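Residues per chain, in single letters:
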Number of protein chains: 4
Amino acid sequence: MNLSPRERILQAADEVFGRVGFDAASTRDIAEAAGVNKALIHYHFKTKDGLLTAVLEGYYGRLTDTLRGVLLRPSGSLRERMRDLVGAYLDFLHANLSFVRIVQREAGGGRHVDLVAERTLPLLALGRALLRERYPTTHGGAMAAEQLLVSFYGMLVAGFTFGPTLARLLESDPTSDAALDQRKRHVAHLVDLIFDVLDRGDGDDAEAAR
Amino acid sequence: MNLSPRERILQAADEVFGRVGFDAASTRDIAEAAGVNKALIHYHFKTKDGLLTAVLEGYYGRLTDTLRGVLLRPSGSLRERMRDLVGAYLDFLHANLSFVRIVQREAGGGRHVDLVAERTLPLLALGRALLRERYPTTHGGAMAAEQLLVSFYGMLVAGFTFGPTLARLLESDPTSDAALDQRKRHVAHLVDLIFDVLDRGDGDDAEAAR
Amino acid sequence: MNLSPRERILQAADEVFGRVGFDAASTRDIAEAAGVNKALIHYHFKTKDGLLTAVLEGYYGRLTDTLRGVLLRPSGSLRERMRDLVGAYLDFLHANLSFVRIVQREAGGGRHVDLVAERTLPLLALGRALLRERYPTTHGGAMAAEQLLVSFYGMLVAGFTFGPTLARLLESDPTSDAALDQRKRHVAHLVDLIFDVLDRGDGDDAEAAR
Amino acid sequence: MNLSPRERILQAADEVFGRVGFDAASTRDIAEAAGVNKALIHYHFKTKDGLLTAVLEGYYGRLTDTLRGVLLRPSGSLRERMRDLVGAYLDFLHANLSFVRIVQREAGGGRHVDLVAERTLPLLALGRALLRERYPTTHGGAMAAEQLLVSFYGMLVAGFTFGPTLARLLESDPTSDAALDQRKRHVAHLVDLIFDVLDRGDGDDAEAAR
DNA sequence: TATGAATGAGAGTTCATTCAT
DNA sequence: CATGAATGAACTCTCATTCAT
């Protein structure tokens, strides 16, 4: 629908960054994919880093809006909100595969860690606060809020970051809508299991007693 | 100590690839880190790709040995073997941080997906076979073997791949031994939860009935 | 003067290729001779091969125009046209020494044979057609059109391709105007001799009878 | 027949130099073709230039023996000796295609001109001396001895140096025995023509009078 | 806004050569 | 005699970036 050159560059960068990674992507590739001159990228985004920042800022803006809306919804139990959040997160990743792939590459180290960390931290901090408030037992120990968040994050993201490899094991395409549905039900199930435990209130001590 | 130049190159490549990623790593960086001439890399490994392959082959060889040993141990219930496997995997990743970071970057797409996929598939296939044999209900549905494997994988890996970002949220260093211990207990707990469900035998139907 | 950078690159490449040969020529040499940045060569010509192609295309364009003009001139006997062609060819080579030297190196094998062959063939085919039409006896045998063309070509080119060596035998510089004049008269003489034979009509049979 | 490594290197170098040219040939290629270690080349021939020298010295030794034998044969007219020489030369080139291709590339300039020139000059000087002695009119003018030698050389060599290109025009393979025979008869014919002229004694003056 | 031309820096790779064994 | 290992220099080519227009 006749996007502006600036928008076309952003879309092209998103696609190329997601496909081959930031470092393997060249501004020439992106300019060609966008149908614009290489120099125009620098006119709009100053540097290649600036282009990555712009792409990620766009994603984080939309993601944060989505998740904050779910997490901070006043009504509903925390469990329900977590279930919704898991669903919303999976939907978002499913609809923005490049985003997962870019983040997965940059979150593990390298020059852009901060870019990712700064935008991720508020969400993690919010999640941790909610968990600790509702379930005081999630301070320290085996079911510590931090551990839960890491596990949730891992479950949510694994299906996508590992997609190309899983596609070879599974008979079906892991990026299909059917696969998304199954994954959502699975993760929701696990979330329920975990909240069952939290509600039962057995934290570390119970665990240690096993 | 007093490693051969070839070995020094492998170690340097491992460190640099893990820190900045394959594409951002230059052969000059690696050669300098190894204290050898740039050309020696090509003498021993032909290309930069060949160097990555050699690094990963080393890791996969050791990892496969470790995990196969645990998984195929004749005695012990599947639950116990899974618990051990989770522990062994976390130990391995903890001791080989570069490996996680390299794999996380290359598993999501790009020119080296196959390198990762080919070595990962056998392990996944083995895990799936064991789960399906012992728990026939893990065919299809919300608790399908594939879903479980993906979730397990996500939980195991997330703490490391997300490490640099988590380090900013957590008060403690996520790569410390203490953090590893806590993470191991947490994941073991989750594994237990899941096997409890599997042993109770409620698969999709029970889930759907909720 | 005040040539464009692109043109300066072409001239520098011509000079360097002619002097040391394509393989011994480095893009750095050429860039320096042209007074431009090394990368500009690739900006304009994509690869070093592309640069050679561009140089040769320029030559072949001008040469073909020149020779076609002479060969296809409607008036004048074939003998006269051949004499003119020989003169025009020698003039062209004399004015474009690099061209002979480049072609001589690439025509004998290696990666660029096709580049030379494709542009030379039409001229050879034209010459053969004219000879066969006018002198049917030049089909097959000792004075076959192909043999004549090869001999003509050898005579024309030898003085230049062999130049540096001949310079040591001859007292005078073989690239001087005087040398060119003498060579032109000599070759014209030989051409006359040959056409005398052709006009007398004794082809193979006469020859065989000797 | 179980050649010595030194001999195998020489043969391999000959083949590779002839095929791709000295500059495009790498010692690795040659070593592989010879089935020996790269370093052995330097052990036997000191440098890559030394290897080329050795290859060419071998050729020039055999060629000089062959041609001197024919040229200096006491009996027989000069014409007959020239005819024999032409035949012997063509035979030699036919049997040593690499030689022509190497010489053609190096005779036109570059770092090895001297190597070629020094070995070629004696032959040229001898030919010139014989011509001048027998035909005093070949001093200066259109039929000067030097011109004749250049033309002879061009005719002799053209079929081979131009081979790969001619192969596309001619229906038959220019390196076949049949093609060699035809070429020999053709060149012999031309030589006869020229000696007819010389014997008739009309040099420049006759020519100029036409 | 948008571009073609131009550049310095550096990429991966190959080179002929050396040397200890 | 022969080799595997090692190196400094140079290679072609690509990079992100700049600038005049």
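Treat the numbers as computed from the prediction; the structure is a model and nothing was measured. (Residues numbered from 1 in each chain as written. Chains lettered and ligands numbered in written order. Predicted model: local features only at pLDDT ≥ 70, side-chain atom pairs only at ≥ 80, totals over all residues. Heavy atoms only, no water.)

What to know about the overall build of chain A
Next up, step 1: When helices and strands are counted, chain A shows eleven helices and zero strands.
Next up, step 2: In chain A, the succession of α and β elements from N to C terminus is α-α-α-α-α-α-α-α-α-α-α.
Next up, step 3: Along the longest, intermediate and shortest principal axes, the C-alpha atoms of chain A span 65 × 40 × 35 Å.
Next up, step 4: Within chain A, the proportion of its 210 residues that are buried is 56%.
Next up, step 5: A separation of at least 24 residues holds for 68% of the contacts in chain A among residues at least 6 apart in sequence.
Next up, step 6: Charged side chains in chain A number 26 positive and 28 negative. The centres of these two groups are separated by 4 Å. (Helix = DSSP H or I, 4+ residues; strand = E, 2+ residues; numbered from the N terminus. Buried < 20%, exposed > 50% of the residue type's maximum accessible area, 1.4 Å probe, protein only. Contact = heavy atoms within 4.5 Å. Lys, Arg positive; Asp, Glu negative; His and termini not counted. Charge placed at Lys NZ, Arg CZ, Asp CG, Glu CD.)

With respect to the arrangement of the chains
Next up, step 1: Considering only C-alpha positions, the minimal separation of the non-contacting chain A and chain D is 31 Å.
Next up, step 2: Where chain B comes nearest to chain D, the C-alpha atoms are still 12 Å apart, and the two do not contact one another.

Observations regarding the relation of the copies chain D and chain C
Next up, step 1: With an RMSD of 0.1 Å, the fit of chain D onto chain C corresponds to turning through 180° and sliding 0.0 Å along the axis. Both chain copies can therefore be described as sitting about a two-fold axis. Within chain D, D:Gly154 has its C-alpha nearest the rotation axis, a separation of 2.0 Å.
Next up, step 2: By residue overlap, the copies meet face to face through one surface: 100% of the interface positions of chain D are interface positions in chain C. (Least-squares fit on C-alpha atoms with pLDDT ≥ 70 in both.)

Observations regarding the nonpolar core
Next up, step 1: Core analysis: the largest hydrophobic core is formed by 144 residues, its most contacted members being A:Leu51, A:Leu131, B:Leu51 and B:Leu131.
Next up, step 2: Those residues in contact with B:Leu51 that lie beyond four places of it in its chain are B:Ile9, B:Leu10, B:Ala13, B:Phe17, B:Ile30, B:Ile41 and B:Phe45.
Next up, step 3: By size, the runner-up hydrophobic cluster in this structure holds 143 residues, among which are C:Ala25, D:Leu63, D:Leu90 and D:Phe92. (Core = buried A, V, L, I, M, F, W, Y, C linked by side-chain atoms within 4.5 Å.)

Description of the relation of the copies chain B and chain A
The second copy of the chain is related to the first by a rotation about an axis and a shift along the axis.
Next up, step 1: Here chain B sits on chain A after a turn of 180° about the axis and a move of 0.0 Å along it, with an RMSD of 0.1 Å.
Next up, step 2: Same-surface contact between copies: 100% of interface residues of chain B are shared with the interface of chain A.

Overview of the protein's contact with DNA strand E
Next up, step 1: Around DNA strand E, 32 residues are found, and the nearest of them are A:Asn37, B:Thr27, C:Pro5, C:Asn37 and D:Lys48.
Next up, step 2: Backbone sugar and phosphate groups make up 61% of those atoms of DNA strand E lying within 4 Å of the protein.
Next up, step 3: Between a base oxygen of DNA strand E and a side-chain N or O atom of D:Lys38, the distance comes to 3.1 Å.
Next up, step 4: Residue assignment for the surface near DNA strand E shows that the elements contributing at least two residues are α3 (38–45) of chain A, α2 (27–34) and α3 (38–45) of chain B, α3 (38–45) of chain C together with α2 (27–34) and α3 (38–45) of chain D.
Next up, step 5: For the surface near DNA strand E, the class distribution of residues is twelve nonpolar, twelve polar and eight charged. (Near = heavy atom within 4 Å. Polar contact = N/O pair within 3.5 Å; in protein donor to acceptor, adjacent residues only side chain to side chain. Nonpolar A, V, L, I, M, F, W, Y, C, P; charged D, E, K, R; others polar.)

Some details on the domain arrangement of chain A
Residue and element names in this part refer to chain A.
Next up, step 1: When cut into domains, chain A gives domain 1 (1–46) and domain 2 (54–208).
Next up, step 2: Both faces combined, the contact of domain 1 with domain 2 buries some 740 Å², and carbon together with sulfur accounts for 58% of it.
Next up, step 3: Broken down residue by residue, the surface that domain 1 buries against domain 2 is led by Asp14, Gly18 and Phe22, which jointly contribute 55%.
Next up, step 4: Taken together, the links from domain 1 to domain 2 amount to zero salt bridges.
Next up, step 5: Summed over the shared surface of domain 1 and domain 2, the number is three residue pairs in polar contact (both at pLDDT 80 or more).
Next up, step 6: In terms of residues, the side of domain 1 that touches domain 2 owes the most to one element, helix α1 (residues 5–20), which gives eight residues.
Next up, step 7: Residue composition of the side of domain 1 that touches domain 2, by class: six nonpolar, two polar and four charged. (Domains from an automatic or database assignment. Buried area = accessible area lost by both parts, 1.4 Å probe. Salt bridge = Lys/Arg side-chain N within 4 Å of Asp/Glu carboxyl O.)

Details of the interface of chain B and chain A
Next up, step 1: Tallying the contact residues gives 58 residues for chain B and 58 residues for chain A.
Next up, step 2: Here chain B packs against chain A, burying approximately 5300 Å² in sum over the two surfaces, 61% of which is carbon and sulfur.
Next up, step 3: The three residues of chain B that bury the most area against chain A are B:Phe162, B:Leu169 and B:His189, which together make up 12% of that side's buried surface.
Next up, step 4: The interface formed by chain B and chain A holds zero salt bridges in total.
Next up, step 5: Counting the contacts that link chain B with chain A gives 19 residue pairs in polar contact (both at pLDDT 80 or more).
Next up, step 6: If you list the elements that add at least two residues to the side of chain B that touches chain A, you get α1 (5–20), α6 (97–106), α7 (113–134), α8 (145–161), α9 (163–169), α10 (177–200) and α11 (204–209) of chain B.
Next up, step 7: It is α8(B) that contributes the most residues to the side of chain B that touches chain A, eleven residues altogether.
Next up, step 8: Taken together, the residues of the side of chain B that touches chain A sort by class into 26 nonpolar, 17 polar and 15 charged.

Some details on the interface of chain D and chain C
Interface size, as often reported, equals the accessible area lost upon joining of the parts.
Next up, step 1: If you look at the interface, chain D gives 57 residues, while chain C gives 58 residues.
Next up, step 2: Both sides together, the interface formed by chain D and chain C hides about 5300 Å², and carbon and sulfur atoms give 61% of it.
Next up, step 3: Three residues stand out in chain D for area buried against chain C, namely D:Phe162, D:Leu169 and D:His189, and they jointly supply 12% of the buried area on that side.
Next up, step 4: Summed over the shared surface of chain D and chain C, the result is zero salt bridges.
Next up, step 5: If you look at where chain D meets chain C, you find 19 residue pairs in polar contact (both at pLDDT 80 or more).
Next up, step 6: Taken together, the elements giving at least two residues each to the side of chain D that touches chain C come down to α1 (5–20), α6 (97–106), α7 (113–134), α8 (145–161), α9 (163–169) and α10 (177–200) of chain D.
Next up, step 7: The greatest single-element share of the side of chain D that touches chain C, amounting to eleven residues, is contributed by α8(D).
Next up, step 8: Grouping the amino acids of the side of chain D that touches chain C by side-chain chemistry returns 26 nonpolar, 17 polar and 14 charged.

Details of the packing of aromatic side chains
Next up, step 1: Counting across every chain of the model gives 24 aromatic pairs over all chains.
Next up, step 2: Ring centres 4.2 Å apart and planes at 25° place the aromatic pair C:Phe162 and D:Tyr153 in the stacked group. Of this pair, C:Phe162 sits in the loop between α8 (145–161) and α9 (163–169) while D:Tyr153 is found in helix α8, placing the two residues in two different chains.
Next up, step 3: Through pairs of rings, three or more aromatic residues link up here, namely A:Tyr59, A:Tyr60, A:Phe92 and A:Phe99.
Next up, step 4: The ring of A:Phe22 is capped by A:Lys48, whose NZ or CZ atom sits 4.4 Å from the centre of that ring. (Phe/Tyr/Trp six-rings, centres within 6.5 Å; stacked < 30°, edge-to-face > 60°. Lys NZ or Arg CZ within 6 Å of the ring centre and 35° of its normal.)

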